[in-house]
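Residue-level structural notes
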Amino acid sequence: MAFERDRALGRIRALALPIVAFGLLGACAAEPDDARTVDEVVLSPVFRLGALDGDAALSEVLGVTAGPDGHLYVTQWQVPHVSVFGPAGELVRTIGRGGSGPGEFVRPATLGWIGDTLWVQDQGDGLELFDAAGRFVRGVRFRTSWPGTRWSYAPTHLLEGGRIAAQLRVGSGAITSGEVRELPILRVEESGDVVDTIAMVGSPPDLVELRIGDGGLFGPVPDFSGPTHVFSTDGSYLALLREDRGQGLLTVTWVGSGGDTLNAVSAPTEDRPFSDDARARVLDHFESLDIPSVTGPALRSAAAEQLPWPDHQPAFTQALAGVDGRVWIRREETGDSARWELWAPDGSVAQTWAPADLEPKYADAGQLWGVRKNSMDVSFLYRYTVRSR
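Numbering of residues starts from 1 in every chain and runs along the sequence as written. Per-residue local features of the predicted model are confined to residues with pLDDT of at least 70, and side-chain atom pairs are confined, for both listing and counting, to 80 or more; whole-chain, interface and lining totals are unaffected and use all residues. Side-chain figures throughout are based on the complete set of non-hydrogen atoms in the structure, without hydrogens or water.

1. Describing the sheet that holds strand 24 (residues 249-256)
- The strand order across the open sheet built from four strands is 22-23-24-25, with neighbouring strands paired in antiparallel fashion. One side of each edge strand has no neighbouring strand; the edge strands of this open sheet are strand 22 (229-231) and strand 25 (261-268). Neighbour-to-neighbour, the strand axes of this sheet turn through a mean angle of 15°, independent of strand direction.
- Across three bridges, strand 22 lies against strand 23 (residues 237-244) in antiparallel orientation. The partner of V230 across the bridge, within strand 23, is A239. The criterion for strand pairing is that DSSP finds at least two bridges linking the strands in question. Helical segments are the DSSP runs of H or I of at least four residues, strand segments are the runs of E of at least two, and each set is numbered from the N terminus. Angles here are taken between N-to-C directions and fall from 0 to 180 degrees, while the axes themselves are lines fitted to C-alpha atoms, restricted in helices to the stretch in contact.

If you want it as structure tokens, here you go:
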């Protein structure tokens, strides 16, 4: 979710919410293991996809998934289709087009494969489904009122077994004001009828509002906290992440596509003060934002004065659900490198180091795809092999 400008006072932008697990139906976390063994994993870069111009050039990458045909499927900001790249990085074909009809997209984002079906979430409130040849199969679109509220829910992910994960669309101002503190993750039929509630979750702790002139900016703050949930792109599970600073624990809970709790694993966290380097990264981020009619220095000044600066470093700042069941968790940054832990539902953990500017997008047992940008802010996708040391 990116920062968005709201020029009119009092007007609220409705954004899809990231979520954090404050409560889970039937969850019971395992006791933390202070002496757990941490295996070492090596990431080796083997391929770079992208170019400065032409068919292989990438804009802001939103979603990545590896297909059963060995091709890479990519969605990008302001590109109204799925780009399909071959093993040599060549553009093989595109899937879908701009529009609001069957097989069309307003803003394609998250995507994944379940069997021979490619599903693509459209931020225009729907899912579009395609077969292995890229032919449109059907669409799933609804925006249904949630009883007792002024909010509605819409589909976000296809789940293994054919049902849909849906989340509430809530105004950002309702989050930052504290009006909304808890929300459900729903499992629904394609019609939008609710089957059950997978989890009750809290609102995102890193969502903030900055007031500039007569308008406001809503969005997340890097380094304040990590993403609070991640879905596997194969629809097999949802991982909920929760940092409990009072108990000094980080807990990951795996929830299956049927809503059953598969396991919950906890580990102790370090109590580290929020560093000057982290503060500088946050301010640099705001200064680099491209917001119409607002200069970078003005954004930096507003962030310095208005952000609720934390006292402590978060236990993690990024996460990714691998299709092999492991959850990748970014734990700390040191200079040009970041330390990642790979948590498995059996309680085992491995760690590795990656470039600090790498944004992972897809992982399975043997590979990781992530985005890095060059000095001209051009995006490239890098493939890394993943192996135990």
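2. A few points about the nonpolar core
- If you look at the biggest cluster of nonpolar residues, it comprises 30 residues, and the most contacted ones within it are V170 and I185.
- Listed by contribution, the elements that provide at least two residues to this core are strand 13 (126-130), strand 16 (152-158), strand 17 (164-171), helix 1 (172-176), strand 18 (182-188), strand 19 (194-202) and strand 23.
- Broken down by element, the residue count for this core peaks at five residues, all from strand 17.
- Among the nonpolar cores identified, the runner-up in size contains 19 residues, and I212, L217, F286 and L307 belong to it. Definition used in this section: a nonpolar core is a set of buried Ala, Val, Leu, Ile, Met, Phe, Trp, Tyr and Cys residues joined via side-chain atoms within 4.5 Å. Accessible area is worked out with a 1.4 Å probe on protein chains only. A residue is then buried under 20% of its type maximum, exposed over 50%, and partly exposed in between.

3. Considering the sheet that holds strand 6 (residues 72-76)
- In spatial order, the strands read 5-6-7-8; together these four strands make up an open sheet with antiparallel pairing. The sheet is open, and its two borders are formed by strand 5 (61-66) and strand 8 (91-95), each paired with just one other strand. Sheet twist, expressed as the average angle between the axes of neighbouring strands with direction ignored, equals 25°.
- Two strands pair when backbone bridges link them, and strand 7 (residues 79-85) and strand 8 are joined in this way by four bridges, in the antiparallel orientation. Note on strand 8: the bridge partner recorded for F85 is L91.

4. A look at helix 2 (residues 276-288)
- One less than the number of residues in a helix, times 1.5 Å, gives the span that helix is expected to have. The end-to-end C-alpha separation of helix 2 is 18 Å, in line with the 18 Å expected for 13 residues at 1.5 Å each.
- Those residues of helix 2 that sit buried are A278, V282, L283 and F286. When helix 2 is viewed along its axis, its buried side chains cluster within an angular range of 135° and face the same direction. Turned more than 90 degrees away from the buried face of helix 2 sit D276, D277 and S288, all of them exposed.
- By definition in these notes, contact holds between two residues if any of their heavy atoms fall within 4.5 Å. Where helix 2 is buried, its residues touch strand 20 (207-212) and helix 3 (296-306). Directions from the helix axis toward the C-beta atoms define the arc.

5. Overview of the pairing of strand 31 (residues 367-373)
- The element strand 31 is largely enclosed, with a buried count of five among its seven residues.
- As paired elements, strand 30 (residues 359-363) and strand 31 share four bridges and run antiparallel to each other. Of the residues in strand 31, the one forming a bridge with A363 is L368.
- With antiparallel pairing between neighbouring strands as the criterion, strand 30 and strand 31 make up a hairpin whose turn holds three residues.
- Hairpin connection, strand 31 to strand 32 (residues 379-388): the antiparallel pair is bridged by five residues, and D377 has positive phi, about 65°.

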